[in-house]
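Fold and contact review
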Amino acid sequence: MHPIAEEIRNCNKKCFVNLYQDTVYANKTWPKTEIDGIKPLVYGPENPRVLLISQAPSLQAWLNGKVSNSPDGGLVSEGNDFLINDVLPAFGLSGKDLDIFRENVFWVHACNCYPWYREPKNKKTGKITRQDRWPGNKQIENCLGQWLGKLTRIDSLNAIVLMGEPSTRLFPQLKEGSERFTDLVRKMEIRNDIIEGIDILSIYNQSKKNRTFNDPVDRAVNNELKLLLKNKFARWIE
Ligand SMILES: [Zn+2]
């Protein structure tokens, strides 16, 4: 485990503790007190070549952090369906290649300790609905913002992959000339002018729930981006 990954794992700011309640998942009720004890989800190998920054841990990944014995809370494991089915393929990898990912990719989130939480949809009735909220700017700044400088100075790093809109807010230069996140991604541009010696690529959140994929243009862009990332990734880890 990379020392910075350990540092983030041991962060006990508990950024979002006040935002969720007891949670029912897979027919089990998770009391808030148990969820509160889960550590930020981060994975970092000794000599990472690529820094992957995604939005925030899913509820499944987050709760798995409670029962996993591995140092990363099971984030990079066969049990993480999102990793196996969606993230690895974006890098041109399959479940068989998990070790390649493990060896080369440092995985953090714009909000590492952002648990999925419920909030009343209707403030009058207090009716609770499932809602996976986007992290706000302040939340991102308080959470990953405090580690970003250290992470981008890791010597072995060749590239940063930004998965989903929230992570791109960490690099305001990316937004110049792109009004929407979609416009930025559609450019399929690798930026090497923001941090010396580091390629930066923005891709869509690979979650199948991403509504962007209802648009045929974005589906096509996503497929092209996967090809680009596959080819680049092979070079970044050489
Ligand atoms: Zn945090």
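This is a predicted model, so every value here is computed, not measured.

Remarks on the pairing of strand β3 (residues 50-54)
In terms of burial, β3 is a largely internal element, five of the five residues being buried. What you see with β3 is no split at all: V50, L52 and S54 on one side and L51 and I53 on the other are buried throughout. When β3 meets strand β7 (residues 159-163), the two strands line up parallel, connected through four bridges. Bridging from a neighbouring strand, L51 pairs with I160 of β7.

Some thoughts on helix α3 (residues 59-67)
Along an α-helix, a turn takes 3.6 residues, which lines up residues three or four apart on a common side. Turning to α3, its buried residues are L59, A61, W62, L63, N64 and G65. Close packing links the buried residues of α3 with β1 (23-25), β2 (28-30) and α4 (81-90).

Re the environment of Q173
Here Q173 lies in the loop between α8 (165-168) and α9 (181-186). In this structure, the C-alpha to C-alpha distance between Q173 and N104, residues 69 residues apart in sequence, is 26 Å.

Topic: the sheet that holds β3
Strand order in the open sheet formed by five strands is β4-β3-β7-β9-β8, and the pairing between neighbours is mixed. Of all strands in the sheet, those with a lone pairing partner are β4 (105-109) and β8 (191-195), marking the two edges. Put simply, the sheet's adjacent strands are angled 30° from each other on average, direction ignored. Summarising the sheet, β7 and strand β9 (residues 198-203) pair through five bridges and their orientation is parallel. Bridge pairing in β9 links I160 to I200. On top of the sheet, helix α10 (residues 216-236) reaches β3, β7 and β9; it is set at about 155° to β9, its chief contact.

Comments concerning the nonpolar core
Counting residues in hydrophobic clusters, the biggest one holds 53 residues, and the most contacted among them are L52, I53, W107 and V161. With five residues, β7 is the single largest residue contributor to this core. Those residues in contact with W107, other than ones at most four positions away along the chain, are V42, Y43, L52, L75 and V76.

Thoughts on the pairing of β8
Note that β8 and β9 share two bridges and pair antiparallel. Looking at the pairing, I195 lines up with I198 of β9. Adjacent in sequence and paired antiparallel, β8 and β9 are bridged by two residues, among which G197 carries a positive phi angle near 80°.

Looking at the environment of E78
Tracing the sequence through the fold places E78 in the loop between α3 and α4. For the pair E78 and R169, spaced 91 residues apart in sequence, the C-alpha to C-alpha distance is 30 Å. Those residues in contact with E78 that lie beyond four places of it in its chain are I84, G95 and L98.

With respect to α10
The end-to-end C-alpha distance of α10 is 30 Å, a good match for the 30 Å that 21 residues give at a rise of 1.5 Å each. Within α10 the residues assigned to the buried category are V221, L225, L229 and F233. Down the axis, α10 shows its buried residues gathered within 100° of arc, on one side only. In this structure, α10 carries P216, A220, N223, E224, L227, N231 and A234 as exposed residues pointing more than 90 degrees from its buried face. Contacts made by the buried residues of α10 are with β3, α4, β7, α9 and β9.

Here's the deal with unusual backbone geometry
With phi around 60°, N27 is a residue other than glycine that occupies positive phi space. The phi dihedral of M188 falls on the positive side, at around 50°, and the residue is not glycine. With respect to the helices and strands, M188 occurs in the loop between α9 and β8. Overall, the presence of 15 C-beta atoms within 10 Å leaves M188 in the partly exposed class.

Parameters and conventions
- Residues numbered from 1 in each chain as written.
- Predicted model: local features only at pLDDT ≥ 70, side-chain atom pairs only at ≥ 80, totals over all residues.
- Buried ≥ 20, exposed ≤ 12 C-beta atoms within 10 Å, placed from the backbone.
- Helix = DSSP H or I, 4+ residues; strand = E, 2+ residues; numbered from the N terminus.
- Pairing = 2+ DSSP bridges.
- Contact = placed C-beta atoms within 7 Å.
- Axes fitted to C-alpha atoms, helices over the stretch in contact; angles between N-to-C directions.
- Core = buried A, V, L, I, M, F, W, Y, C linked by C-beta atoms within 7 Å.
- Expected span 1.5 Å × (residues − 1).
- Arc of directions from axis to C-beta.

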